[in-house]
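Residues per chain, in single letters:
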Amino acid sequence: MTQYSTGTTFDTMLSKILFLACLLCASTWQLNAQKKADSTTKVEIIGAGSLVHLVTDTGEIDKLVDTVRIKQGETLMFCDSAYFSLAKNMVEAFGNVRVVQPGSEAQSDYMRYVGNQKTAYMKGNVMLTDGKSNLWSEDLTYNTSTKIGVYTLGGTLQDSTTTLSSNSGSYNTKTKDARFTGEVIVIDPQYEIISDDMGYNTETKVVVFYAPSVVTSDSSVLRTTCGRYDTKNEIAHFTCRSSILTKEQYVEADSIDHNRKTGIGNARGNVIAIDTTQHTTLYCGRTDFSEKKKTTLATIKPVLKQVSDNDSLFIRADTFFSFPALKKKDTVKQQPVVKTKK
């Protein structure tokens, strides 16, 4: 006689039911995730004056003409005409192209938009703006997700006061950070900058140097290869070999801090300070100086070199402090005025 174990059969059936339930839940989750992904990555046609459906060797394409409107998530695209591939999730747009997002807009004559990468390749009279700063170029690769635009054929960024141009660069409309490389020129009413590689924030107005750079103003010339310059507050913080040239003094050191408004600064590491009016050169480990008070404090093994005609005098000390010579008061006493009676 054959015997059956009802307990084993029940456990087996229960296991199968649980397995099928888990599989169903996983499928439902995957389907919901796919729908969510489609809602953010799928490019959709909003409208156009006319639409022609074409079947080509490379697949099916929709030809859109006249006031074309396309969207992907929060990104809206407008143009005169376009080719749209649903299978490739790609758009090729022509004429008066606009890519509009909350807080930014890009314009061009031509655009190829890859929806799966959320990237627009734009050419011809390109402009990228965040409402306050404008970037112009002939080419731009713009990511609608990161809101970063990259150009390689030369570009110009302009904010309320400053104009920056370079061979290549990038601008983030979200963080307001820009990076410029190759023949960088910055023009501002208060200063000019020439650099090979620098960063700039259009809100904080802070410049970051990554290569040899020169900052020229009406009162000084700053040279550095790395560091930061707060153009709004006119504060320099150079962390490598740099120099400052003013009308009366030249300072060079491994690192320099300088406030142009107050005229106060300090230099550290292999300092060379030249006073052109006194014909002296100061060598030390650190110097603190004030341009307005015309004072200099030198510490850490300072050596002073005094040049007179063809002779040089070297003086060593623990500390040097220089200041303008006090003017002698006029010793001629004014004679009292004696009035005479008529």
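This structure is a prediction, so every number in the text was calculated from the model and none was measured.

Scoring rules and cut-offs
Within each chain, residue numbers correspond to sequence positions counted from 1 in written order. In view of the model being predicted, local features appear only for residues whose pLDDT reaches at least 70, and side-chain atom pairs are presented and counted only at 80 or more, with totals across whole chains, interfaces and linings using the full set of residues. Side-chain descriptors were evaluated using all non-hydrogen atoms of the structure, hydrogens and water having been removed beforehand. Going along the chain from the N terminus, every DSSP run of H or I of four or more residues is numbered as a helix, and every run of E of two or more is numbered as a strand. Only protein chains enter the accessibility calculation, which uses a 1.4 Å probe; a residue whose area is less than 20% of its type maximum is buried, one above 50% is exposed, and one in between is partly exposed. Contact between two residues is taken to exist if any of their heavy atoms lie within 4.5 Å; hydrogens are not considered. What sets the accessible areas is the Shrake-Rupley method with a 1.4 Å probe; for residues, cover comes only from the shown protein chains. The positive count covers Lys and Arg only, the negative count covers Asp and Glu only, and His and the chain ends enter neither. The term salt bridge refers to a side-chain nitrogen of Lys or Arg lying within 4 Å of a carboxyl oxygen of Asp or Glu. Here a polar contact is taken to be a pair of N or O atoms separated by no more than 3.5 Å, where protein atoms must pair a possible hydrogen donor with a possible acceptor and residues adjacent in sequence count only if both atoms sit in side chains. Think of it this way: a Phe, Tyr or Trp ring, Trp meaning its six-membered ring, pairs with another when their centres are within 6.5 Å, and the plane angle makes it stacked under 30 degrees, edge-to-face over 60, tilted otherwise. Each residue carries a pLDDT value, the predictor's own confidence for that position, ranging from 0 to 100. Definition of nonpolar core: a set of buried residues of the types Ala, Val, Leu, Ile, Met, Phe, Trp, Tyr and Cys, connected through side-chain atoms within 4.5 Å. Any two strands between which DSSP finds at least two bridges are classified as paired.

1. A closer look at the overall build of the protein
In terms of helices and strands, the protein carries 1 helix and 28 strands. Residues classed as buried in the protein amount to 37% of the 342 residues present. In the protein, once contacts between residues fewer than 6 apart in sequence are set aside, the share between residues at least 24 apart is 29%. Surface exposure of the protein reaches about 21000 Å², of which carbon and sulfur atoms provide 56%.

2. Side note on the side chain of Asp-230
Relative to the elements of secondary structure, Asp-230 occurs in strand S18 (residues 227-230). Despite its burial, Asp-230 remains without a salt bridge, the nearest opposite charge being carried by Lys-232 at 6.6 Å. Separated by 3.1 Å, the side chain of Asp-230 and the backbone nitrogen of Lys-232 make a polar contact.

3. Quick word on the pattern of salt bridges
Scanning all chains against the criterion turns up 11 salt bridges. With its nearest N and O atoms 2.8 Å apart, the salt bridge here joins Arg-179 to Asp-197. In this pair, Arg-179 is assigned in strand S13 (residues 177-187) and Asp-197 in strand S14 (residues 192-201), connecting sequence segments 18 residues apart. With relative accessibility at 34%, the residue Arg-179 sits in the partly exposed group. What emerges from the salt-bridge pattern is a single network uniting Asp-218, Glu-234 and Arg-260.

4. Let's talk about the packing of aromatic side chains
Within this structure, the stated rule accounts for 5 aromatic pairs. Pairing Phe-94 with Tyr-110 gives two aromatic rings, centres 5.4 Å apart and planes at 55 degrees, and the pair type is tilted. Here Tyr-110 lies in strand S6 (residues 104-114) and Phe-94 lies in strand S5 (residues 90-101), a separation of 16 residues in the sequence. Here Tyr-191 and Tyr-229 contribute two aromatic rings whose centre-to-centre distance is 6.2 Å and whose plane-to-plane angle is 85 degrees, an arrangement assigned as edge-to-face. Of this pair, Tyr-191 sits in the loop between S13 and S14 while Tyr-229 sits in strand S18, and the two are 38 residues apart along the sequence. Here Tyr-191 matches Tyr-229 in class, with each residue buried.

5. A look at the confidence of the model for the protein
Residues with a pLDDT of 70 or more make up 83% of the protein, whose mean pLDDT is 86. Per-element averaging of pLDDT across the protein places helix H1 (residues 6-41) at the bottom with 47 and strand S9 (residues 148-151) at the top with 98.

6. Remarks on the environment of Gly-47
Mapped onto the secondary structure, Gly-47 falls in strand S1 (residues 44-47). Overall, Gly-47 belongs to the buried group, its relative accessible area being 12%. Put simply, Gly-47 and Arg-69 are 22 residues apart on the chain and 5.2 Å apart in space, counted from C-alpha to C-alpha. Look past the residues within four positions of Gly-47 in its chain and what remains in contact with it is Thr-67, Val-68 and Arg-69.

7. So, the nonpolar core
Ranked by size, the top nonpolar core spans 54 residues in total, and within it Val-91, Met-111, Met-122, Phe-180, Ile-193, Met-198 and Phe-209 carry the most contacts. In contact with Val-91, other than residues within four places in its own chain, are Val-43, Ile-70, Ala-82, Tyr-83, Phe-84, Met-111, Arg-112 and Tyr-113.

8. Observations concerning the pairing of strand S20 (residues 242-245)
Taken together, the 3 bridges between strand S17 (residues 221-224) and S20 define a ladder with antiparallel strand orientation. Each residue of the ladder has a partner; that of Val-221, found in S20, is Leu-245. Looking at chain direction, S20 and strand S21 (residues 249-253) are connected through 4 bridges and run antiparallel. Along S21, the bridge assignment pairs Ile-244 with Val-251.

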